Structures are given as structure tokens and as C-alpha cells.
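Topology and contacts: notes
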Amino acid sequence: SAIQAAACCRRCLDMDADAFQQVMDLFPAELQARTALLNIPSLTPNEIAGILARAKETLMVRTLNLITEVQDVKSASEVLDSRTRALEVQASMDRLTGLFNRASLDDRLSDEFAHATAHGTPLSVAFIDLDRFKQINDTHGHLVGDEVLQSAARVIAGHLRQTDFIARYGGEEFIVVLPGIGADAARFVSERLLDALARHEDMSETVQSVRVTASIGLATCAADRDEFSDITALLRAAEALAALLSPQARP
């Protein structure tokens, strides 16, 4: 207000009320002279208020547009991240059975082998080979064979711990990784899996009473023994034992 301005001039400029009034009286004429000199149009208070209102409106619109653009970019980034994760999951899974694939098995088994070696804990691997699977394909067709593989995968996975890892190794072969499990406990798990597969009578939705058996080879990396130099040696030992136990290898 004028009173506050006069008080400020008195404090800061040692200007009395009369001098302040003289300045205020000269201000409009001086302002018009300066604006004319600089070719600046003289605006009324209402015009200035209108300009400020339009400026605020423009700023608000631009701010809202910017917020929308940021949200769109964030949403697009989240969609891209989601698709990337989905592709990564797809790349790690076996499409037919829904189990992990061979590449995922190699990664997980390498990690578990390194952990077991570093901490002196046991690690067991079960190599599961479905018996006479070729006969099922030859008798009922490959579609039924696919159903049997899917059912076998569900049965095996359903009898494992959350900390265990199962992957399709290839064809009718599966690998189960049992962290922290020694030879005796691994043998118990294997017997339970064999029994579960043998008792499951609905291995195919297309053909009734299709049943399968399996051969399981076990290999254990024990804390007190240094039998296996790497995961390849561990897998080969389990696979060799499974082949030895399969019906085709028996006399």
C-alpha cells in the first residue's frame, strides 16, 4: 500500500512524507515517458492481470502435458520391462513341459556345485529316464507321448521341495537337483518319485490307462569326498547309473 511504501522510503531513503508524495505525483508522467521512449505499450492494471492469468493458465497446461508425458514414458518403460522379463522367462523354460530347460539347468547346477564345494555341503543329482518311452510314441503317437511327458513333469515336480530344481534334460529325460541332500536322503527321494510315477494312471488325457515307469540314476557330491571335478562329471555319473538301471540294459 501507499502507506507502507512511504514508511519504507522514510526508513531506507530518509524521505519525508512530502518528498514521497512529490515522487508519486511525478511517477505516472515519468512512466509514460519511459514507456514511450522504449516503445513499450502502457497497460492498465486489468490488462496486466489478464496477461498474468493467461500466463498462469498456459503454465498449468504445459505442466499437465509434461506430467502426462512423464507418466506415458514411465508406463511404456514398465511395459518394456515386463515384456523383457517375460522373454527371459520364456528363454529359460521348456515349452512342452513348463519345466526349466537345459541352459537353465547348467546355470543353476553350476551355482549349486560352487556353493556345495565352498561350504562343504552335499549336493545330489537325480537323472530320471522314462522307461520304454519310444514304445508309447510308436503305439499311441507323439501327441500322446507329449501328454505323458507333461504328466510326468507335473508328478515329479509335485513331489519335490521348493528348494529343489527340476529341468527337462532332453527327450524323455529329466534332471532333479537336490541341494543339501546326501546320498541316503537322495535315494529316499528317488524311491518316492519312482512310486509316484508308477501309481499315476492318467498319464494321457487322450488314451486311458497309460502308465509309465522310470529309471533313476543318482550321483552325490559329498562334503567328505572329492569325487567330481565339475558338474559335467556329476551329471555323467548320474546318467550312467540311470542307463544301467533302465529295462533296456537289464538282461
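Above this note sits the structure.
Residues numbered from 1 in each chain as written. Predicted model: local features only at pLDDT ≥ 70, side-chain atom pairs only at ≥ 80, totals over all residues. Heavy atoms only, no water.

Section: the overall build of the chain
On a plain count of helices and strands, the chain comes out with eight helices and four strands. The N-to-C order of helical and strand elements in the chain reads α-α-α-α-β-α-α-β-β-α-β-α. Scored against the burial criterion, the 251 residues of the chain give a buried share of 31%. Residue pairs at least 24 apart in sequence account for 63% of intrachain contacts in the chain once pairs closer than 6 positions are excluded. Summed over all atoms, the accessible surface of the chain reaches about 16,600 Å², with 56% contributed by carbon and sulfur. (Helix = DSSP H or I, 4+ residues; strand = E, 2+ residues; numbered from the N terminus. Buried < 20%, exposed > 50% of the residue type's maximum accessible area, 1.4 Å probe, protein only. Contact = heavy atoms within 4.5 Å. Areas by Shrake-Rupley, 256 points an atom, 1.4 Å probe, with all protein chains shown as cover.)

Brief notes about the packing of helix α6 (residues 142–157) against helix α7 (residues 183–199)
Taken N-terminus to C-terminus, the directions of α6 and α7 make an angle of 140 degrees; their axes are 9 Å apart at the nearest point. Relative to α7, the element α6 lies oblique. The interaxial crossing formed by α6 with α7 has right-handed handedness. Contacts from A152, V155 and I156 of α6 reach α7 at L193, A196 and L197. (Axes fitted to C-alpha atoms, helices over the stretch in contact; angles between N-to-C directions. Parallel < 35°, antiparallel > 145°, perpendicular 65-115°, else oblique. Left-handed = near helix turned anticlockwise from the far one by under 90°.)

Some remarks on the sheet that holds strand β2 (residues 165–170)
Across the sheet, four strands lie side by side as β2-β3-β1-β4; this open sheet has antiparallel pairing. Among the strands making up the open sheet, the edge pair consists of β2 and β4 (214–221). Strand-to-strand, the axes of this sheet are offset by a mean angle of 20 degrees, without reference to chain direction. Against the sheet, helix α4 (residues 102–119) makes contact with β1 (123–130), β2, β3 (173–179) and β4, and its axis sits at roughly 130 degrees relative to β2, the strand it touches most. Along the sheet face, α7 touches β1, β3 and β4 and points at about 165 degrees away from the line of β4. (Pairing = 2+ DSSP bridges.)

As for helix α8 (residues 231–245)
Its 15 residues place the ends of α8 21 Å apart at the C-alpha level, agreeing with the 21 Å of an ideal helix rising 1.5 Å per residue. Residues of α8 that are buried include every one of I231, L234, L235, A238 and A242, and no others. Along the long axis of α8, the arc covered by the buried residues comes to 95 degrees, so they all point the same way. Across α8 from its buried face, at more than 90 degrees, point the exposed residues R236 and L244. For α8, the side-chain oxygen to backbone nitrogen distance between the N-cap and T232 is 3.2 Å, and the N-cap itself is D230. (Expected span 1.5 Å × (residues − 1). Arc of directions from axis to C-beta. Polar contact = N/O pair within 3.5 Å; in protein donor to acceptor, adjacent residues only side chain to side chain.)

Points about the nonpolar core
Within the largest apolar cluster, 29 residues are counted, with the highest numbers of intra-cluster contacts made by L130, V148, I156 and F174. At the level of elements, β1, α5 (133–140), α6, β3, α7 and β4 are the ones that each hand at least two residues to this core. Per-element accounting of this core gives the leading share, seven residues, to α6. In contact with V148, not counting residues within four places along its chain, are L130, F133, I136, M203, V210 and V212. (Core = buried A, V, L, I, M, F, W, Y, C linked by side-chain atoms within 4.5 Å.)

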